[in-house]
There are 2 protein chains.
Amino acid sequence: MGVSQTTSSAPQSPGSRTRLSPEQRREQLLDLGVRLLATRSLDELSIDSLAEEAGISRGLLYHYFGNKQDFHEAVVRRAADDLIAQTAPPDEGDPAERLLVSMAAYVDYVVANHQGYLSLVRAAAGGNETLRQIYEEARSALNGRVFREDDRGTVVPDTPATRLAVRGWSAMVEELVLSWIDDDRGLTREQLIELLASALPALVAVVPA
Amino acid sequence: MGVSQTTSSAPQSPGSRTRLSPEQRREQLLDLGVRLLATRSLDELSIDSLAEEAGISRGLLYHYFGNKQDFHEAVVRRAADDLIAQTAPPDEGDPAERLLVSMAAYVDYVVANHQGYLSLVRAAAGGNETLRQIYEEARSALNGRVFREDDRGTVVPDTPATRLAVRGWSAMVEELVLSWIDDDRGLTREQLIELLASALPALVAVVPA
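Model, not experiment: these values are computed from the prediction.

Caption draft 1: Representation of the overall build of chain A in the model. Per the secondary structure count, chain A includes ten helices and zero strands. In sequence order, the secondary structure elements of chain A are arranged as α-α-α-α-α-α-α-α-α-α. With respect to the three principal axes, the spread of C-alpha positions in chain A is 60 × 35 × 35 Å. Taken over 209 residues, chain A has a buried fraction of 50%. Pairs at least 24 apart in sequence give 65% of the contacts found in chain A among residues at least 6 apart. Charged side chains in chain A number 21 positive and 31 negative. The centres of these two groups are separated by 5 Å.

Written as structure tokens, this is what we have:
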């Protein structure tokens, strides 16, 4: 959106704040919310904590986001968009290489945003319908990439059965990365990424034709 | 426990009820709770609904189970025990055959207890710590089987890295079965079971040594 951002969570000075339009200001607050979500759960991401970090009043935050539920949804949607953008496969390379790059970005994203990612997974699984929908949309976007075809072919041939298999692979990837963060079992980041990427063709190979 | 059970959810006659000890009566009520959980979520499994199905007073149910949370935990623990028992691999056959039999029982269990299973998965993922613990214990018991060694060998060699891989496989199995129930994508029950079982060695083959 062309909004100038700082990586610090310090309050903006009044001078820099006044240059932003309401829309830009809202975008900036969303970015701050996503950054806070990296190290805390969704439950811990309160309007109060964001107001304090942003150095503005609670009342102004409610003006931008309505209520806590709307605020959480907006932050999670932004986080999901970030995940999709950051894990975009490169244009270069054959399908297997592009999958490897994408998996590396996924691992790095979950490591960097562990608490927020975990709480999204739990909120989605735990019955919050809107968060589940955001989660499912993000997963569909991520999964859909392995079926994308170009002149170098696809990672996975697109059939109903392989669509099912990729859903399973995706659940496995999520579990493996979250478990690996808890306890790496001696696997390096590179070994984990290699495992995630090579598991897909291994799985597709046993899907009934 | 040697308790005589009926597959019907009709109230017991007063005559049959009086022969049971309090412990037997509690076991019988737990079995009824598990049966009800097959077709409804945990949220829908109220003390009231169980009292009505069992033909006894709410007060008596509170006497057996304390409160709703304790009641839910007891029912879910029983359901998890049932799952572990019903999916026990046979003594006969080589490791791959035994895995196939166990996977078939798992698929049949989830199909027969769909609503309750789904709500357990969601409750465990969604942050109920006690239900998460019951779920994790059940999963550990199920996963542990693939490492069990006998004179015909193991399904999977037991290393830290394969332990991690089996966690991922197990998440994949759960996702595949639940997704297949929603939409079978043209896969028969037998093809699904074959996919679940053959995915394990396929995955283990790509685990770094």
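Caption draft 2: Looking closely at the interface of chain B and chain A. In this assembly, 29 residues from chain B lie in contact with 29 residues from chain A. Our count for the contact surface shared by chain B and chain A stands at four salt bridges. For glutamate 175 of chain B, the salt bridge identified is with arginine 167 of chain A, shortest N-O distance 3.0 Å. Our count for the contact surface shared by chain B and chain A stands at six residue pairs in polar contact (both at pLDDT 80 or more). Of all elements in the fold, only helix H7 (114-125), helix H8 (129-144), helix H9 (160-182) and helix H10 (189-204) of chain B reach the threshold of two or more residues within the side of chain B that touches chain A. Looking at the side of chain B that touches chain A, the element that brings in the most residues is H9 of chain B, giving 13 residues. Among the residues forming the side of chain B that touches chain A, the class breakdown is 18 nonpolar, five polar and six charged.

Caption draft 3: Layout of the pattern of salt bridges. Tallying each qualifying case throughout the model produces 24 salt bridges over all chains. Here arginine 189 of chain A makes a salt bridge to glutamate 190 of chain A, at a shortest N to O gap of 2.9 Å. Note that arginine 77 of chain B and glutamate 137 of chain B form a salt bridge whose closest N and O atoms lie 3.7 Å from each other. Of the two residues, arginine 77 of chain B sits in helix H5 (residues 68-86) while glutamate 137 of chain B sits in helix H8, which places them 60 residues apart along the sequence. Judged by its relative accessible area of 39%, arginine 77 of chain B falls in the partly exposed class. A relative accessible area of 40% means that glutamate 137 of chain B is categorised as partly exposed.

Caption draft 4: Main features of the nonpolar core. One finds Phe65 and Trp169 of chain A together with Phe65 and Trp169 of chain B to be the most contacted residues of the largest nonpolar core, which totals 132 residues. Each residue touching tryptophan 169 of chain A, except ones within four places of it in the same chain, is listed here: Leu99, Met103, Val146, Leu196, Ala199, Leu200 and Leu203 of chain A together with Met172 of chain B.

Caption draft 5: Structural view of the relation of the copies chain B and chain A. It takes a turn of 180 degrees to lay chain B on chain A, together with a shift of 0.0 Å along the axis; the resulting RMSD is 0.0 Å. These values place the two chain copies in the arrangement generated by a two-fold rotation axis. Of all interface residues in chain B, 100% are interface residues in chain A too; the two copies therefore contact each other through one and the same surface.

Caption draft 6: A look at the side chain of arginine 40 of chain B. All names here are of chain B. Along the chain, arginine 40 turns up in the loop between helix H2 (22-37) and helix H3 (47-54). Buried and unpaired, arginine 40 has no salt bridge, with glutamate 53 as the nearest side chain of opposite charge at 4.3 Å. A distance of 3.2 Å separates the side chain of arginine 40 from the backbone oxygen of leucine 36, its partner in a polar contact. Apart from residues lying up to four places away in sequence, arginine 40 is in contact with Leu45, Ser49, Glu53, Gln115 and Gly116.

Caption draft 7: A look at the environment of leucine 42 of chain B. All names here are of chain B. Within the fold, leucine 42 resides in the loop between H2 and H3. A relative accessible area of 7% means that leucine 42 is categorised as buried. Through-space distance from the C-alpha of leucine 42 to that of alanine 123 is 8.3 Å; in sequence the pair is 81 residues apart. When near neighbours in sequence (up to four residues on either side) are disregarded, leucine 42 contacts Leu37, His72, Val76, Ser119, Ala123 and Leu131.

Caption draft 8: Spatial organisation of the environment of leucine 176 of chain B. Along the chain, leucine 176 of chain B falls in helix H9. For leucine 176 of chain B, a relative accessible area of 0% corresponds to the buried category. Along the primary structure leucine 176 of chain B and phenylalanine 71 of chain B are separated by 105 residues, whereas in three dimensions their C-alpha atoms are 30 Å apart. Ignoring any residue separated from it by four or fewer positions in sequence, one finds leucine 176 of chain B in contact with Leu164, Ala165 and Gly168 of chain A together with Leu192, Leu195 and Leu196 of chain B.

Caption draft 9: Main features of the confidence of the model for chain A. Put simply, chain A has an average pLDDT of 86, and 90% of its residues get 70 or more. When the criterion is pLDDT under 50, residues 1-10 of chain A qualifies, and its contacts beyond four places in sequence or with other chains add up to 16 contacts.

Caption draft 10: Representation of the packing of H7 of chain B against H8 of chain B in the model. Residues and elements named next belong to chain B. H8 packs onto H7 with a crossing angle of 115 degrees between their chain directions and a minimal axis gap of 7 Å. Handedness of the crossing formed by H7 with H8: left-handed. Contacts from Leu120, Val121, Ala123, Ala124 and Ala125 of H7 reach H8 at Leu131, Arg132 and Tyr135. Tallied by class, residues from the contact of H7 with H8 come to seven nonpolar, no polar and one charged.

Reading guide: rules and limits
Residues numbered from 1 in each chain as written. Chains lettered and ligands numbered in written order. Predicted model: local features only at pLDDT ≥ 70, side-chain atom pairs only at ≥ 80, totals over all residues. Heavy atoms only, no water. Helix = DSSP H or I, 4+ residues; strand = E, 2+ residues; numbered from the N terminus. Buried < 20%, exposed > 50% of the residue type's maximum accessible area, 1.4 Å probe, protein only. Contact = heavy atoms within 4.5 Å. Lys, Arg positive; Asp, Glu negative; His and termini not counted. Charge placed at Lys NZ, Arg CZ, Asp CG, Glu CD. Salt bridge = Lys/Arg side-chain N within 4 Å of Asp/Glu carboxyl O. Polar contact = N/O pair within 3.5 Å; in protein donor to acceptor, adjacent residues only side chain to side chain. Nonpolar A, V, L, I, M, F, W, Y, C, P; charged D, E, K, R; others polar. Core = buried A, V, L, I, M, F, W, Y, C linked by side-chain atoms within 4.5 Å. Least-squares fit on C-alpha atoms with pLDDT ≥ 70 in both. pLDDT = per-residue confidence, 0-100. Axes fitted to C-alpha atoms, helices over the stretch in contact; angles between N-to-C directions. Left-handed = near helix turned anticlockwise from the far one by under 90°.

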